[in-house]
Protein chains: 2
Amino acid sequence: MNLLESLNWRYATKKFSNRKVSAVDIDKIIEATNLSASSTGLQPYRLFLIENDELRKKLGEGSFNAQIAESSHLLVFAAFEKVTAEHIDNYINHIAAERNIPVDSLADFKNALVHGILGRTDEVNFNWAARQAYIALGTAMVAAADLQIDTTPMEGFDADKFDELLNLKGKGLKSVVTLAIGYRHEDDIFANFKKVRLPKAEFATVIE
Amino acid sequence: MNLLESLNWRYATKKFSNRKVSAVDIDKIIEATNLSASSTGLQPYRLFLIENDELRKKLGEGSFNAQIAESSHLLVFAAFEKVTAEHIDNYINHIAAERNIPVDSLADFKNALVHGILGRTDEVNFNWAARQAYIALGTAMVAAADLQIDTTPMEGFDADKFDELLNLKGKGLKSVVTLAIGYRHEDDIFANFKKVRLPKAEFATVIE
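Because the structure is a prediction, the values reported are computed rather than measured. (Residues numbered from 1 in each chain as written. Chains lettered and ligands numbered in written order. Predicted model: local features only at pLDDT ≥ 70, side-chain atom pairs only at ≥ 80, totals over all residues. Heavy atoms only, no water.)

Caption draft 1: Quick peek at the interface of chain A and chain B. Facing 65 residues of chain A, the contacting portion of chain B comprises 65 residues. Counting each side, the surface lost to burial between chain A and chain B is near 6,200 Å², with a carbon and sulfur contribution of 61%. Looking only at chain A, the three residues that lose the most surface to chain B are Leu35, Arg131 and Phe203 of chain A, adding up to 13% of its buried area. There are 8 salt bridges connecting chain A and chain B. A salt bridge links Lys194 of chain B to Glu98 of chain A; the nearest nitrogen and oxygen atoms lie 2.8 Å apart. Mapped by element, the contributors of at least two residues to the side of chain A that touches chain B are helix 1 (3–9), helix 2 (23–34), strand 1 (45–50), helix 5 (85–99), helix 7 (122–146), helix 9 (200–203) and strand 5 (204–207) of chain A. Considering each element in turn, the side of chain A that touches chain B owes the most residues, 16 residues, to helix 7 of chain A. By residue class, the composition of the side of chain A that touches chain B is 34 nonpolar, 13 polar and 18 charged. Pairing analysis gives 4 bridges linking strand 5 of chain A to strand 1 (residues 45–50) of chain B, with the strands arranged parallel. Bridge pairing in strand 1 of chain B links Val206 of chain A to Leu49 of chain B. (Contact = heavy atoms within 4.5 Å. Buried area = accessible area lost by both parts, 1.4 Å probe. Salt bridge = Lys/Arg side-chain N within 4 Å of Asp/Glu carboxyl O. Helix = DSSP H or I, 4+ residues; strand = E, 2+ residues; numbered from the N terminus. Nonpolar A, V, L, I, M, F, W, Y, C, P; charged D, E, K, R; others polar. Pairing = 2+ DSSP bridges.)

Caption draft 2: The arrangement of the pattern of salt bridges in detail. Considering all chains together, one arrives at 15 salt bridges over all chains under this definition. Asp89 of chain B is the salt-bridge partner of Lys110 of chain B, the closest N and O atoms lying 2.6 Å from each other. Taken together, the residues Lys110 of chain B in helix 6 (residues 107–118) and Asp89 of chain B in helix 5 (residues 85–99) connect sequence positions 21 residues apart. Overall, the relative accessible area of 27% leaves Lys110 of chain B in the partly exposed class. Judged by relative accessible area, Asp89 of chain B falls into the partly exposed class, the value being 29%. In the salt-bridge network here, residues are joined through shared partners; they are Asp27 and Glu31 of chain A together with Lys200 of chain B. (Buried < 20%, exposed > 50% of the residue type's maximum accessible area, 1.4 Å probe, protein only.)

Caption draft 3: Spatial organisation of the domain arrangement of chain A. Residue and element names in this part refer to chain A. On domain assignment, one finds that chain A holds domain 1 (3–83 + 120–203) and domain 2 (85–117). Between the C-alpha centres of domain 1 and domain 2 there is a distance of 29 Å. Carbon and sulfur atoms supply 63% of the area buried between domain 1 and domain 2, which totals about 750 Å² over both sides. When residues of domain 1 are sorted by the area they lose upon contact with domain 2, Thr40, Leu42 and Val83 head the list and together hold 58% of the total. In this assembly, domain 1 and domain 2 are joined by 0 salt bridges. Run the count over domain 1 and domain 2 and you get 4 residue pairs in polar contact (both at pLDDT 80 or more). A class-by-class count of the residues in the side of domain 1 that touches domain 2 yields 4 nonpolar, 3 polar and 2 charged. (Domains from an automatic or database assignment. Polar contact = N/O pair within 3.5 Å; in protein donor to acceptor, adjacent residues only side chain to side chain.)

Caption draft 4: How the structure looks around unusual backbone geometry. All names here are of chain B. Unlike most non-glycine residues, Gln43 shows phi in positive territory, near 50 degrees. As for its position among the elements, Gln43 is in the loop between helix 2 (23–34) and strand 1. On the accessibility criterion, Gln43 (3% relative accessible area) is buried.

Caption draft 5: How the structure looks around the confidence of the model for chain A. Looking at chain A, the pLDDT average stands at 97 and 100% of residues meet or exceed 70. Interface predicted TM-score (ipTM) for the complex: 0.98; the corresponding pTM is 0.98. (pLDDT = per-residue confidence, 0-100.)

Caption draft 6: Structural context of the pairing of strand 1 of chain A. Residues and elements named next belong to chain A. With respect to burial, strand 1 is a largely interior element, 6 of its 6 residues being buried. Of the two faces of strand 1, the one carrying Tyr45, Leu47 and Leu49 and the one carrying Arg46, Phe48 and Ile50 are both buried. Here 6 bridges tie strand 1 to strand 2 (residues 73–80), and the two strands are oriented antiparallel to one another. Residue pairing in the sheet places Leu47 in a bridge with Phe77 of strand 2.

Caption draft 7: Expanded view of the relation of the copies chain A and chain B. At an RMSD of 0.0 Å, chain A and chain B line up after a rotation of 180 degrees and a shift of 0.0 Å along the axis. Both chain copies can therefore be described as sitting about a two-fold axis. (Least-squares fit on C-alpha atoms with pLDDT ≥ 70 in both.)

Caption draft 8: Spatial organisation of the packing of helix 5 of chain B against helix 6 of chain B. Residue and element names in this part refer to chain B. Contact geometry for helix 5 and helix 6: axes closest at 10 Å, N-to-C directions at 155 degrees. Considering the angle they form, helix 5 stands roughly antiparallel to helix 6. Of the two possible hands of crossing, helix 5 and helix 6 adopt the one that is right-handed. Residues Ala85, Ile88, Asp89, Tyr91, Ile92 and Ile95 of helix 5 form the contact with helix 6, whose participating residues are Phe109, Lys110, Leu113, Val114, Ile117 and Leu118. (Axes fitted to C-alpha atoms, helices over the stretch in contact; angles between N-to-C directions. Parallel < 35°, antiparallel > 145°, perpendicular 65-115°, else oblique. Left-handed = near helix turned anticlockwise from the far one by under 90°.)

Caption draft 9: Up close: the packing of aromatic side chains. On inspection of all chains with the given rule, the structure shows 8 aromatic pairs over all chains. With a centroid separation of 4.7 Å and an interplanar angle of 50 degrees, the aromatic rings of Phe157 of chain A and Phe162 of chain A are classed as tilted. Looking at Phe162 of chain A, the relative accessible area reads 0%, which means it is buried. An angle of 55 degrees between the planes, with centres 5.1 Å apart, marks the rings of Phe190 of chain A and Phe193 of chain A as tilted. Lys174 of chain A extends its terminal NZ or CZ atom over the ring of Phe126 of chain A, reaching a point 5.2 Å from the ring centre. The positively charged end of Arg120 of chain B is found above the aromatic ring belonging to Trp128 of chain B, 4.7 Å away from the centroid. (Phe/Tyr/Trp six-rings, centres within 6.5 Å; stacked < 30°, edge-to-face > 60°. Lys NZ or Arg CZ within 6 Å of the ring centre and 35° of its normal.)

Caption draft 10: Up close: the sheet that holds strand 2 of chain A. Read across the sheet, 5 strands follow the order 3(A)-4(A)-2(A)-1(A)-5(B) without closing on themselves; strand pairing throughout is mixed. The open sheet has two free edges, formed respectively by strand 3 (150–154) of chain A together with strand 5 (204–207) of chain B, since each of these has just one partner strand. Each strand of the sheet is rotated relative to its neighbour by a mean of 20 degrees, with strand direction disregarded. Sitting on the sheet, helix 7 of chain A is in contact with strand 1, strand 2, strand 3 and strand 4 (173–182) of chain A, with an inclination near 10 degrees to strand 4 of chain A.

Pasting the structure below:
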């Protein structure tokens, strides 16, 4: 399948089969997601991949999204509540190490980050971090569809409970969106519904 | 190239050549972007695709991002400032028409949308709409890379000026992020820099 066919094939799966996604394929989805672009390259969010049945069951209790418990794997996207000088330092040091260049040669870039990011409120930075996580969510869904693996993006979950059960607060993180991963159940009637999208001309205005 | 190769091939292009992206390829990128998932399927954002040289020049004036003017096409993602009952009505009517089902059969779904979305503040809904646009941004970058077309996502632009020049306010929209599209210039030194991403284990925590 080419990319457009894969995107037409995918849908927000309501009912998953009990078939597990292989470790190799999960790894490919994570790798693709890690390759997502983020503003300034800072990647101000983290992923939590939950295969553990019991934990997924607990996370899903009380949610209208049965997919949290019933999928093969659950991916939780968590954004940093605060972006700190340490995040920027670590990032700059990491670039220098990866590219084998002196940290000093990145001084201008670092100053731009410090000035641009640390001058904003924590709330602005959290929303910014969450948006970067949503770019990654987009990549993860495409990467899964490319492998003919089903997904369901979900905002309908108890973020406080997720943060507690995954100990996100201790890491300065807050869950923002989740993605159930698995294979569609043959009984999922939603698989056959016609995909509804805006007419192209209404979605995108072209200025030639 | 497979998807991972395409994602490794892509980078935030700093300098574009003057080669134009074909109308056929631009159309594929728009179509893929329109196939992006959005919460409840509402697609609370719109795209503006600007090919016009003069307009791109005006939009790019005073920005440190030369790519606004120098790319082949510029894609602007704009989110609705308010999500209204009319948006929901139009969406429900559109589903009914596309799936050839009575509008009444969607009453429960419509109520859930009205209750869930219209009960929130405009600010919450705008941030929510912007996040959906970022999912689409993620799709657009992957779709372009899949066609070996370069892109640069940019948050560094004068949103007020963009909104004015594109008459977004009159449409209830606000620009949130842009994507320059084109082909990398052979002199763009950034193309050869090693891509820096978090080590996989730091990016994603696996709970087996």
